[in-house]
Amino acid sequence: MSENNKQPNQDAPQIIKDDEIDLIALVKTIWDARKTIYYSVGIAVFVGLIVAFTSPAKYQASATLLPSAEKKGGSLGNLGALAGMAGINLGSMMGDASSIPAEIYPQVVNSYPFQKELIHQKFDFIEYEQPISLYDYVVADTIESTGAKIAKYTIRLPWTIKDAINGEEVSDEEFKDYGVLNLLEEEIGAIEMITDLVQIEVDKKTNLISVSVEASEPVVTAQFVQKSVELLQEYVIKYKTKQARQNLEFVQERFDDKKKQYESSQKAFFEYKDRHRNMISERIDVNYQQLSDEYDMISQVYKGLAQQLEQAKIAVMEETPAFTVLEPVKVPIDKSAPKKKIILVVSVFLGGFIGLGVIFGRLVWINLIRNW
């Protein structure tokens, strides 16, 4: 009897006997059906080759930063006490000296304000002569072609009417500012691309921050990392120096106001002295004393604000965190994806497992028919 004419109960050896697995029978079954594994591996490798050679190439760029070390409190010492006796609160000017935890950096990068600002940065895309922003790039991809417009009013006419009844899309000109973060549809699409592109990792032991981007164009990939690092530094500096900058702005406004009063009082006082030079009169003495007292008072306030202004500027500089770029970003040369060797290895193992699954599935099916 030929092999093709064998009955199912003759094709399936008894692998499980008395609740035990006969390893010899199992190996013999797999060996007899080895062609199934070969075919499965061959098909998987063929599909893997198609995936490996048709997948778009990607490049990865990264940069490594080291934030400034944390400052210890109480560094003002006696200087802070003396300043407090003089009515100057150096601690409030300088704010809290502790640095921002490194774990906050990924939240900054993934925040909508950060991503919204990043998508409006300009990059050098290959298909455009001039640098454009990611937002403009997404908008350009959403512009309808002539064929799409024809289909919109012919084949897709019912859906076009439905969209017109439900409401038209809001254009940039009609977009209103409600005082809260309100994003355009194109901005949301660009932000989704940013979320998938920009990756940030923090080493809790060393506090090293790594920013990486993987994209299809090497130059754009490096630019994405550079812009992300620059914006991250700006956001951290703004956050860290917020209190000191607010104090500086307040002192600056007060200083500017007093400066005008000081110059006006000084001018009036010296003009009065010039007009009444070598003149003696009780009335003149009274006016002279009034102008002199006013000038002295404003002068003291003005000089005090000038000192506070310099201290506030120093406080802003001290609060500004420094970043050390340990590994600067560079334009990638080698492709990061697709990883052809890994795809082929995975294809071989996947094909082998699928082949084994087919063999065992066939055995289960034959046993079911045998026991029917």
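Procedures and definitions
Residues numbered from 1 in each chain as written. Predicted model: local features only at pLDDT ≥ 70, side-chain atom pairs only at ≥ 80, totals over all residues. Heavy atoms only, no water. Helix = DSSP H or I, 4+ residues; strand = E, 2+ residues; numbered from the N terminus. Buried < 20%, exposed > 50% of the residue type's maximum accessible area, 1.4 Å probe, protein only. Contact = heavy atoms within 4.5 Å. Pairing = 2+ DSSP bridges. Axes fitted to C-alpha atoms, helices over the stretch in contact; angles between N-to-C directions. Expected span 1.5 Å × (residues − 1). Arc of directions from axis to C-beta. Salt bridge = Lys/Arg side-chain N within 4 Å of Asp/Glu carboxyl O. Core = buried A, V, L, I, M, F, W, Y, C linked by side-chain atoms within 4.5 Å. Lys, Arg positive; Asp, Glu negative; His and termini not counted. Polar contact = N/O pair within 3.5 Å; in protein donor to acceptor, adjacent residues only side chain to side chain. Parallel < 35°, antiparallel > 145°, perpendicular 65-115°, else oblique. Nonpolar A, V, L, I, M, F, W, Y, C, P; charged D, E, K, R; others polar. Phe/Tyr/Trp six-rings, centres within 6.5 Å; stacked < 30°, edge-to-face > 60°. Lys NZ or Arg CZ within 6 Å of the ring centre and 35° of its normal.

S.K.: Quick question: what am I supposed to make of the overall build of the protein chain here?
M.R.: Secondary structure assignment for the protein chain yields 15 helices and eight strands. Per-residue burial for the protein chain yields a buried fraction of 28% across its 372 residues. Put simply, 77% of the contacts in the protein chain that link residues at least 6 apart link residues at least 24 apart.

S.K.: I keep staring at the sheet that holds strand β8 (residues 323–327) and nothing clicks. Help me out?
M.R.: Taken together, four strands build an open sheet; the order of strands is β6-β7-β3-β8 and the sheet is antiparallel. Bordering the open sheet on either side are β6 (198–202) and β8, each of which pairs with just one other strand. Direction aside, the axes of adjacent strands within the sheet are offset by 25° on average. Pairing geometry for strand β3 (residues 59–67) and strand β7 (residues 209–215), over seven bridges, is antiparallel. From the neighbouring strand, Leu 65 faces β7, where its bridge partner is Ile 209. This element, helix α11 (residues 185–197), spans β6 and β7 of the sheet and lies at about 40° to β6.

S.K.: For this particular structure, what's the right way to read α11?
M.R.: In an α-helix, one turn spans 3.6 residues, which is why side chains three or four residues apart end up on the same side. A rise of 1.5 Å per residue sets the reference length of α11, with its 13 residues, at 18 Å; its end C-alpha atoms lie 19 Å apart and thus fit the reference within 8%. When α11 is considered as a whole, its buried residues turn out to be Glu 187, Ala 190, Ile 191, Ile 194 and Leu 197. The buried residues of α11 occupy an angular sector of 120° when the element is viewed end-on, so they sit on one face. With respect to the buried face of α11, the exposed residues turned more than 90 degrees away are Glu 185 and Asp 196.

S.K.: I would appreciate a short explanation of the environment of Ser 210 in the present structure.
M.R.: Residue position: Ser 210 is located in strand β7. Judged by its relative accessible area of 24%, Ser 210 is partly exposed. Along the chain, Ser 210 and Val 229 lie 19 residues apart, while their C-alpha atoms are 9.4 Å from each other. The contacts of Ser 210, once residues within four sequence positions are left out, are Ala 63, Thr 64, Gln 199, Ile 200 and Glu 201.

S.K.: Help me understand the pattern of salt bridges in this model?
M.R.: Two side chains of opposite charge can pair, provided their charged atoms sit close to one another. Under the counting rule described, the total for this entry stands at three salt bridges. Taking the shortest distance from any N to any O, the salt bridge between Lys 28 and Asp 32 comes out at 3.0 Å. Pair noted here: Lys 28 and Asp 32 are both in helix α2 (residues 23–32), with a separation of four residues, about one helical turn. In this structure, Glu 319 engages Lys 240 in a salt bridge whose closest nitrogen and oxygen atoms are separated by 2.7 Å. With Glu 319 in helix α14 (residues 282–319) and Lys 240 in helix α12 (residues 218–240), this residue pair connects regions lying 79 residues apart in the sequence. What makes Glu 319 buried here is its relative accessible area of 6%.

S.K.: I'm lost on unusual backbone geometry in this one. Help?
M.R.: Glycine aside, negative phi is the norm for most residues, and most peptide bonds take the trans geometry. That bond from Ala 337 to Pro 338 is cis: its omega, 0°, falls within 30 degrees of zero. Note that Pro 338 resides in the loop between β8 and α15 (340–370). The backbone phi angle of Asn 207 is positive, close to 65°, even though this residue is not glycine.

S.K.: I would appreciate a short explanation of the nonpolar core in the present structure.
M.R.: Buried together is how nonpolar side chains tend to be arranged in soluble globular proteins. The biggest cluster of nonpolar side chains holds 38 residues, and the ones touching the most others in it are Tyr 105, Leu 134, Val 198, Phe 224 and Leu 232. Of all elements in the fold, only β3, α6 (104–109), α7 (112–119), α8 (134–142), α11, β6, β7 and α12 reach the threshold of two or more residues within this core. Ignoring sequence-local partners within four residues, the contact set of Val 198 consists of Val 109, Leu 118, Val 211, Ser 212, Val 213 and Ser 228. Listed in part, the 13 residues of the second largest apolar core include Ala 244, Leu 248, Val 251 and Ile 298.

S.K.: Looking at this model, I keep getting lost on the side chain of Glu 187. Mind explaining?
M.R.: Following the sequence through the fold, Glu 187 ends up in helix α11. Buried Glu 187, no salt bridge; nearest opposite-charge side chain is Lys 116, N-O distance 4.3 Å. At 3.1 Å, the side chain of Glu 187 forms a polar contact with the side chain of His 120.

S.K.: Is there a simple way to think about the packing of α7 against α11 in this case?
M.R.: Any two packed helices are characterised by the angle at which their axes cross and by the distance between the axes. One way to put it is that α7 packs onto α11 with a least axis distance of 9 Å and a crossing angle of 100°. With respect to α11, the axis of α7 lies roughly perpendicular. Across from Tyr 112, Gln 115, Lys 116, Leu 118 and Ile 119 in α7, the residues of α11 making contact are Glu 187, Ala 190, Ile 191, Ile 194 and Thr 195. For the contact of α7 with α11, the per-class residue count stands at six nonpolar, two polar and two charged.

S.K.: Where do I start with α2 in this structure?
M.R.: Where α2 is concerned, the buried positions are Ala 25, Leu 26 and Thr 29. Projected down its long axis, α2 shows its buried positions confined to an angular sector of 100°, all on one face. Structural note: α2 exposes Leu 23, Ile 24, Val 27, Lys 28 and Trp 31 on the side pointing more than 90 degrees away from its buried face.

S.K.: I keep staring at the environment of Thr 241 and nothing clicks. Help me out?
M.R.: Along the polypeptide, Thr 241 turns up in the loop between α12 and α13 (242–275). It is 8.5 Å that separates the C-alpha atoms of Thr 241 and Met 317, two residues lying 76 residues apart in sequence. Setting aside anything within four residues of it in sequence, one finds Thr 241 in contact with Val 316, Glu 319, Thr 320 and Pro 321. Engagement of the side chain of Thr 241 in a polar contact is seen with the backbone oxygen of Ile 237, the distance being 2.6 Å.

S.K.: What am I meant to see in the packing of aromatic side chains here?
M.R.: Both the distance between ring centres and the angle between the ring planes are used here to describe each pair of aromatic rings. Within this structure, the stated rule accounts for ten aromatic pairs. Residues Tyr 128 and Tyr 137 carry aromatic rings whose centres are separated by 6.1 Å and whose planes lie at 75° to one another, so their mutual orientation is edge-to-face. Since its relative accessible area comes to 28%, Tyr 128 is described here as partly exposed. Looking at Tyr 137, the relative accessible area reads 16%, which means it is buried. Measuring from ring centre to ring centre gives 5.1 Å for Phe 255 and Tyr 302, while their planes differ by 20°; the resulting arrangement is stacked. Here Phe 255, found in helix α13, pairs with Tyr 302, found in helix α14; they are 47 residues apart in sequence, far enough to count as distant. When its relative accessible area of 11% is taken as the criterion, Phe 255 is described as buried. Above the face of the Tyr 235 ring, Lys 238 is positioned so that its terminal group lies 6.0 Å from the ring centre.

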